[in-house]
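# Structural description and commentary
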Amino acid sequence: MADKPIKPDPVYYGDYLQLDKLLDAQQPVSPKYGPEAHDETLFIVVHQAYELWFKQMLHELRSVHGLFKAEYLPDEHLMTVVHRLHRVVVIQELLNQQIKVIETMTPQDFLEFRDYLVPASGFQSIQFKELEISLGLHRNQRIAFDQASFYNRIQDEDRAYLEKLEQEPDLFQCVDEWLSRMPFLEMPEFTFWEHYQEAIEAELSHDEAIVAGNELLTAEEREAELAAIAGTRANFHALFDAEAYAAIQAEGRVRLSQRAMQAALFIYMYREEPVFNLPWQVLNSLVDIDEQLTIWRFRHVMMVQRMLGSKIGTGGSSGHDYLRKTTERNRVFADFMNLATYLLPKRVLPPLPEPVKQALRRGGS
Ligand code: HEM
Ligand SMILES: N[C@@H](CC(=O)c1ccccc1NC=O)C(=O)O
């Protein structure tokens, strides 16, 4: 703090918020070609509101990246991470509700000005792509049309910016490394993993017996369900075998590293232990972010379908069909959701032995 008391300059509301610029930035294009389309203002305002919130989300995510980059993440920093990730989720909830506002525009009213927008499209929202990239969406994960859009549909400067960003560590990677560093995985005092493997094995066999004995299923249905359980069993065994794990990772069935996956599982299982509570909140927020983003994609595609039917998009994609695929494919933190497959009821979990608890406290996170 300065020694002398600061005497701040008086501030005027409109100057502080630069409303002259902000409120002068809604310029419909329809008057260039004929009468102004009434709903074009709504269209512009809604998009601008989105971009402002994207900006705030990126501000939060950049600060979270910064905290994760440190070698050691003390609890107070972890609190900040949780707090800011939670803020991102609350903003996403708001953005999901905003779809309703744009849906008050009818498809026919949109047609009053839609032709004037070609070839612009949400595709070219650099902040949206930046959000995807900084969360951890990989280019090779994108569907082919979107991979091409990186090269073809945005300006050189924007493309260079996003390509540089793709080289930097993303949130997924930061979290993977943070989980992999956790010190509790090989503690000799605790035979958790053996016990755990037996318990999961028993659950899977139980499920198999139910399927085998279910007379309502046709032979094909039974076979398919048994095959699905066999797949789960194979994925589960891979958690404890580096080679098998590398194989399911290569197939894209899981993205987290093996160590991170084990650490996450442990955190999920023992989240009520004070040392795991904050780490659990981090993981839970990431699941929330992934869920909210997927809900946004889904609501956007529903809105697009009612607005355009099966017309192609102004950005050149197939429109609603392309967007539906991104809803399924562009997931980042699905691994954490899939952990639920391997959870056990609390009553069958062995309590953490005292020396393990102490070691965890010393190790911190
Ligand atoms: C009338 C309302 C809207 C329609 C009909 C519409 C339609 C579309 C279509 C067809 C696409 C696919 C790209 C293309 O070929 O054009 C698209 C992409 C996109 N739109 Fe919209 N959109 C609308 C409103 C919005 C709003 C309010 C936002 C908020 C920012 C938005 C953000 C995006 C984004 C980020 C993409 C790229 C998604 C991706 O590539 O995964 N859209 N939109
Ligand atoms: N892609 C939309 C047009 C559209 O929604 C749009 C056009 C220009 C700027 C932003 C847009 N919003 C989201 O895609 C369409 O095909 O009708």
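Note that the structure is a prediction, hence the values are computed from the model and not measured.

## Things to note about the site of ligand 1
Taken together, 24 residues lie near ligand 1, and Ser121, Gly122, Gly313, Gly315 and Ser317 sit nearest. For the shell around ligand 1, the elements supplying multiple residues, two or more each, are helix H3 (40–69), helix H14 (274–308) and helix H15 (320–329). With 4 residues, H14 is the largest single contributor of residues to the shell around ligand 1. Grouping the amino acids of the shell around ligand 1 by side-chain chemistry returns 11 nonpolar, 12 polar and 1 charged.

## A closer look at the environment of Glu201
Relative to the helices and strands, Glu201 is located in helix H10 (residues 192–212). Placed 32 residues apart in sequence, Glu201 and Arg233 show a C-alpha to C-alpha distance of 7.9 Å.

## Here we look at the UniProt feature "binding site: heme" (unreviewed entry) in the protein chain
The sites that UniProt annotates as "binding site: heme" (unreviewed entry) are His300. By secondary structure assignment, the location of His300 is in helix H14. A residue is classified by how many C-beta atoms lie within 10 Å of it, and His300, with 19 of them, is partly exposed. Leave out the neighbours within four places in its chain, and His300 touches Ile99 and Leu323.

## Side note on unusual backbone geometry
Val118 connects to Pro119 through a cis peptide bond whose omega is 0°. Within the fold, Pro119 resides in the loop between helix H5 (107–111) and helix H6 (126–135). The phi dihedral of Gln18 falls on the positive side, at around 50°, and the residue is not glycine. Take Gln18: it is sitting in the loop between helix H1 (13–16) and helix H2 (19–22). Under the C-beta neighbour-count criterion, Gln18 is labelled exposed, with 10 such atoms within 10 Å.

## Regarding the confidence of the model for the protein chain
For the protein chain, the average pLDDT comes to 91, and 96% of its residues sit at 70 or higher. As scored by the predictor, the complex reaches a pTM of 0.93 and an ipTM of 0.98.

## Here's the deal with the UniProt feature "binding site: substrate" (unreviewed entry) in the protein chain
Residues given the UniProt feature "binding site: substrate" (unreviewed entry) here are Phe43, Ile44, Val45, Val46, His47, Arg114 and Thr314. The residue Arg114 is located in the loop between H5 and H6 in this model. You can call Arg114 partly exposed: it has 18 C-beta atoms within 10 Å. Along the chain, Thr314 falls in the loop between H14 and H15. For Thr314, a count of 18 C-beta atoms within 10 Å translates into the label partly exposed. In this structure Thr314 touches Arg114, Leu117, Val118, Pro119, Ala120 and Ser121, once residues within four positions along its chain are discounted.

## Details of the site of ligand 2
Around ligand 2, the surrounding shell consists of His47, Arg114, Leu117, Ala120, Ser121, Gly122, Leu308, Gly313, Thr314 and Gly315. The residue makeup of the shell around ligand 2, split by class, is 3 nonpolar, 6 polar and 1 charged.

## Thoughts on the nonpolar core
By size, the foremost hydrophobic cluster in this structure holds 37 residues, and its most contacted members are Ala264 and Leu286. Listed by contribution, the elements that provide at least two residues to this core are H3, helix H4 (75–102), helix H9 (171–180), helix H13 (258–269) and H14. Not counting residues within four places of it along the chain, the set of residues in contact with Leu286 comprises Leu85, Val175, Phe333 and Phe336.

## Things to note about the packing of H14 against H15
Relative to each other, H14 and H15 sit at 165°, their axes nearing to 9 Å. In terms of orientation, H14 lies roughly antiparallel with respect to H15. Crossing handedness for the pair H14 and H15: left-handed. Residues Thr294, Arg297, Phe298, His300, Val301, Val304, Gln305 and Leu308 of H14 form the contact with H15, whose own contacting residues are His320, Leu323, Arg324, Thr326 and Thr327. Along the lines of polarity and charge, the residues of the contact of H14 with H15 split into 5 nonpolar, 6 polar and 2 charged.

The rules behind the values
Residues numbered from 1 in each chain as written. Chains lettered and ligands numbered in written order. Predicted model: local features only at pLDDT ≥ 70, side-chain atom pairs only at ≥ 80, totals over all residues. Near = placed C-beta within 6 Å. Helix = DSSP H or I, 4+ residues; strand = E, 2+ residues; numbered from the N terminus. Nonpolar A, V, L, I, M, F, W, Y, C, P; charged D, E, K, R; others polar. UniProt positions renumbered as here; feature names shortened; annotations may be inferred. Buried ≥ 20, exposed ≤ 12 C-beta atoms within 10 Å, placed from the backbone. Contact = placed C-beta atoms within 7 Å. pLDDT = per-residue confidence, 0-100. Core = buried A, V, L, I, M, F, W, Y, C linked by C-beta atoms within 7 Å. Axes fitted to C-alpha atoms, helices over the stretch in contact; angles between N-to-C directions. Parallel < 35°, antiparallel > 145°, perpendicular 65-115°, else oblique. Left-handed = near helix turned anticlockwise from the far one by under 90°.

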